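# Descriptive structure summary
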Amino acid sequence: MLEEKKTIDFRKYPIPRVRHHVNPQVYLPATQAQVDLSWYPPTIETPTWKTWFANGLPASVLDIGSGRGGFLIDHALTYPDVNILGLEVRGILVDWTNDVIDGERIGNARAVWYSLANGLAWIADESITYATYLFPDPWPKARHAKRRFVNRAMLPVVARVLRAGAEWRIGSGRSPRPSRVSPAATTSTRQSWPCCGSIGLPSWCRTWVAQNVVS
Ligand SMILES: C[S@@+](CC[C@H](N)C(=O)[O-])C[C@H]1O[C@@H](n2cnc3c(N)ncnc32)[C@H](O)[C@@H]1O
């Protein structure tokens, strides 16, 4: 018999006041950021899967830019055997998400305070079944483009960790205006850019990335 999915009473976890963006420097790699590194998200050399997940195994799903962890937590409850890792640059949201995860004893989810600008070298090749980036990169202005995670340089970074046939699911609440999501999209046709209107709609896979974007 299938176990019933747990519901969480989020009233137990008051949401802190969160600023929309943090210092723009944290969207740059640590080596380029002109900030006091004591408040820059730690870079990662070796992932501590054993402390992040109850079963001690690596993540097989990545939630890139996990924000308040809504998808992360829901996914973990829906698929209790799947380890999902959230990566998020706003530390206050990471702390809050992990408070819920720990408070509800969810062993297969973890949020990590991290700037994606530092890449994913610490994640093994072809270890991720799929990755999500839901409602990404709120940087529509061209002068802020360098803060976006989804760009031409980052596509092979994500593609490397995806298993063959895996997908990177991008959800956008905006109408499909690819240039608002990624400059990479502006170099491909709109038709081939599966920027979707809601979670779970058209997605793009490793093959698509290799054929259309990675030069
Ligand atoms: C618009 S929010 C979406 C949050 C969440 N995925 C959701 O659906 O509610 C995009 C998230 O990506 C995070 N983000 C943007 N750039 C990032 C980066 N370079 N490294 C880590 N997180 C980043 C932001 O802090 C923000 O929480």
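Just so it is clear, the structure is predicted and the values come from calculations on it, not from any experiment.

## Topic: the overall build of the chain
Per the secondary structure count, the chain includes seven helices and six strands. Counting from the amino terminus, the chain carries its helices and strands in the arrangement α-β-α-β-α-β-β-α-β-α-α-β-α. Taken over 215 residues, the chain has a buried fraction of 33%. Sequence-distant contacts, at least 24 apart, represent 70% of the contacts inside the chain between residues at least 6 apart.

## A short note on the site of the ligand
Near the ligand you find 19 residues, and of these Gly65, Gly67, Val89, Leu116 and Leu134 are the closest. Elements that contribute at least two residues to the shell around the ligand include exactly α2 (70–78) and β2 (84–88). Along the lines of polarity and charge, the residues of the shell around the ligand split into eleven nonpolar, five polar and three charged.

## Notes on the confidence of the model for the chain
Caution applies to low-pLDDT regions: their predicted coordinates should not be interpreted in detail. Per-residue pLDDT for the chain has a mean of 77; in total, 74% of the residues score no lower than 70. The low-confidence segment residues 173–215 (pLDDT under 50) makes 73 contacts with residues lying over four places distant or belonging to another chain.

## With respect to helix α3 (residues 91–103)
Here α3 is 13 residues long and its end C-alpha atoms lie 18 Å apart, about the 18 Å a rise of 1.5 Å per residue gives. Those residues of α3 lying buried are Leu93, Val94, Thr97, Val100 and Ile101. Projected down its long axis, α3 shows its buried positions confined to an angular sector of 125°, all on one face. Exposed residues on α3 whose side chains face more than 90 degrees from its buried face are Asp95, Asp102 and Gly103. Tucked inside the fold, the buried residues of α3 contact α2, β2 and β3 (109–113). The positive-phi residue at the C-terminal boundary of α3 is arginine 105, with phi of around 50°.

## Considerations on the pairing of β2
Within β2, five of the five residues are buried, which leaves the element mostly enclosed by the surrounding structure. Neither face of β2 is left uncovered, since the one carrying Ile84, Gly86 and Glu88 and the one carrying Leu85 and Leu87 both have all their residues buried. Sheet analysis places strand β1 (residues 61–64) next to β2, joined by four bridges and oriented parallel. Residue pairing across strands places leucine 62 opposite leucine 85, the latter belonging to β2. In terms of handedness, the path from β1 via α2 over to β2 forms a crossover that is right-handed. Across five bridges, the pairing between β2 and β3 is parallel. By the bridge assignment for β3, isoleucine 84 is matched with alanine 109. For the segment spanning β2, α3 and β3, crossover handedness is right-handed.

## So, the pairing of strand β4 (residues 128–134)
On any regular strand, side chains alternate: one points to one face of the sheet, the next to the other face. The buried fraction of β4 is high, at five of seven residues. For β1 and β4, the ladder comprises three bridges, and the chain directions are parallel. Counted as the bridge partner of aspartate 63 is threonine 132 from β4.

## What to know about α2
If you check which residues of α2 are buried, you get Leu72, Ile73 and Ala76. Taken down its axis, α2 places every buried residue within 90° of arc, on the same side. Considering only its buried residues, α2 is in contact with β1, β2, α3 and β3.

## Points about the nonpolar core
In terms of nonpolar packing, the biggest core is built from 40 residues, with Leu62, Ile128, Ala131, Val158 and Leu162 touching the most fellow members. Only β1, α2, β2, α3, β3, β4, α4 (154–161) and β5 (162–171) provide two or more residues apiece to this core. Among all residues touching isoleucine 128, those that are not within four sequence positions of it are Ser60, Val61, Leu62, Ile123, Val161, Leu162, Arg163 and Ala166.

Cut-offs used in this document
Residues numbered from 1 in each chain as written. Predicted model: local features only at pLDDT ≥ 70, side-chain atom pairs only at ≥ 80, totals over all residues. Helix = DSSP H or I, 4+ residues; strand = E, 2+ residues; numbered from the N terminus. Buried ≥ 20, exposed ≤ 12 C-beta atoms within 10 Å, placed from the backbone. Contact = placed C-beta atoms within 7 Å. Near = placed C-beta within 6 Å. Nonpolar A, V, L, I, M, F, W, Y, C, P; charged D, E, K, R; others polar. pLDDT = per-residue confidence, 0-100. Expected span 1.5 Å × (residues − 1). Arc of directions from axis to C-beta. Pairing = 2+ DSSP bridges. Right-handed = clockwise from strand over helix to strand, strands pointing away. Core = buried A, V, L, I, M, F, W, Y, C linked by C-beta atoms within 7 Å.

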